[in-house]
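Analysis of the macromolecular model
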Amino acid sequence: MGIQDIIEGKKQWRAHKARVKALPPDYQIVYKEMQRYLFKVGPVDLPDGPLLPGIVDFFEEGAAAGKGVLELIGNDVAAFCDDLIKDSPTYAEVYQQSMSGEPGTAGK
């Protein structure tokens, strides 16, 4: 990863944060909770993947339609997040596989 990649990544992250700040306050609160949860659970492709920008897209559409954030995701934020990442490998799963000695997982 070169310096240009780092700079471009920071630009993208700042633009992403600006989109989040443009959301209504209740959407911002839920987004931050979702982000915190997802960073803890750790889907492997979270930093570079489309998940976080996709959530912002979804929230922008909901806000534009005049819906409350809980109308979109329900009352259980963690369950909603778990459903989003159900098919994504997490760091915990990768670690468990490496510790169990499954063939082809050592050193990953």
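Predicted model only: the values in this text are computed from it and were never measured.

What follows deals with the overall build of the protein chain. When its secondary structure is counted, the protein chain shows 6 helices and 0 strands. The linear arrangement of helices and strands in the protein chain, starting from the amino end, is α-α-α-α-α-α. A globule of 108 residues ought to have a C-alpha radius of gyration of about 13 Å, yet the protein chain, at 16 Å, is considerably larger. Counting only C-alpha atoms, the protein chain reaches 50 × 40 × 15 Å along its principal axes. Split into buried and exposed, the 108 residues of the protein chain put 27% on the buried side. For the protein chain, the share of sequence-separated contacts (at least 6 apart) that also reach a separation of at least 24 residues comes to 69%. With the model as given, the accessible surface of the protein chain reaches about 7,400 Å², and the carbon-plus-sulfur share is 56%. Of the side-chain charges in the protein chain, 12 are positive and 16 negative, and the distance between the mean point of each set is 9 Å.

With that out of the way, let us pick up the packing of helix α1 (residues 3-21) against helix α2 (residues 25-41). Closest axis-to-axis distance for the α1/α2 pair is 9 Å, and the angle between their directions is 140°. Taken together, the axes of α1 and α2 are oblique relative to one another. For the pair α1 and α2, contact is made by Trp13, His16, Val20 and Lys21 and by Gln28, Tyr31, Gln35 and Phe39, respectively. Per-class residue counts for the contact of α1 with α2 are 4 nonpolar, 3 polar and 1 charged.

Let us now look at the packing of aromatic side chains. For the structure on display, the rule yields 3 aromatic pairs. Centre to centre, the rings of Tyr27 and Phe59 are 5.3 Å apart; their planes meet at 75°, and the pair counts as edge-to-face. Residue Tyr27 is found in helix α2, and its partner Phe59 is found in helix α3 (residues 51-64); the two are separated by 32 residues along the sequence. Accessibility assignment for this pair places Tyr27 and Phe59 in one class, buried. Ring centres of Phe58 and Phe59 lie 6.2 Å apart, and the angle between their planes is 35°; on these two criteria the pair is classed as tilted. Looking at Phe58, the relative accessible area reads 31%, which means it is partly exposed. Classification of Phe59 by relative accessible area gives buried; the value is 0%.

Conventions adopted
- Residues numbered from 1 in each chain as written.
- Predicted model: local features only at pLDDT ≥ 70, side-chain atom pairs only at ≥ 80, totals over all residues.
- Heavy atoms only, no water.
- Helix = DSSP H or I, 4+ residues; strand = E, 2+ residues; numbered from the N terminus.
- Rg over C-alpha atoms; globule rule 2.2 N^0.38 Å.
- Buried < 20%, exposed > 50% of the residue type's maximum accessible area, 1.4 Å probe, protein only.
- Contact = heavy atoms within 4.5 Å.
- Areas by Shrake-Rupley, 256 points an atom, 1.4 Å probe, with all protein chains shown as cover.
- Lys, Arg positive; Asp, Glu negative; His and termini not counted.
- Charge placed at Lys NZ, Arg CZ, Asp CG, Glu CD.
- Axes fitted to C-alpha atoms, helices over the stretch in contact; angles between N-to-C directions.
- Parallel < 35°, antiparallel > 145°, perpendicular 65-115°, else oblique.
- Nonpolar A, V, L, I, M, F, W, Y, C, P; charged D, E, K, R; others polar.
- Phe/Tyr/Trp six-rings, centres within 6.5 Å; stacked < 30°, edge-to-face > 60°.

Spatial relationships are all this shows, so hold off on functional conclusions.
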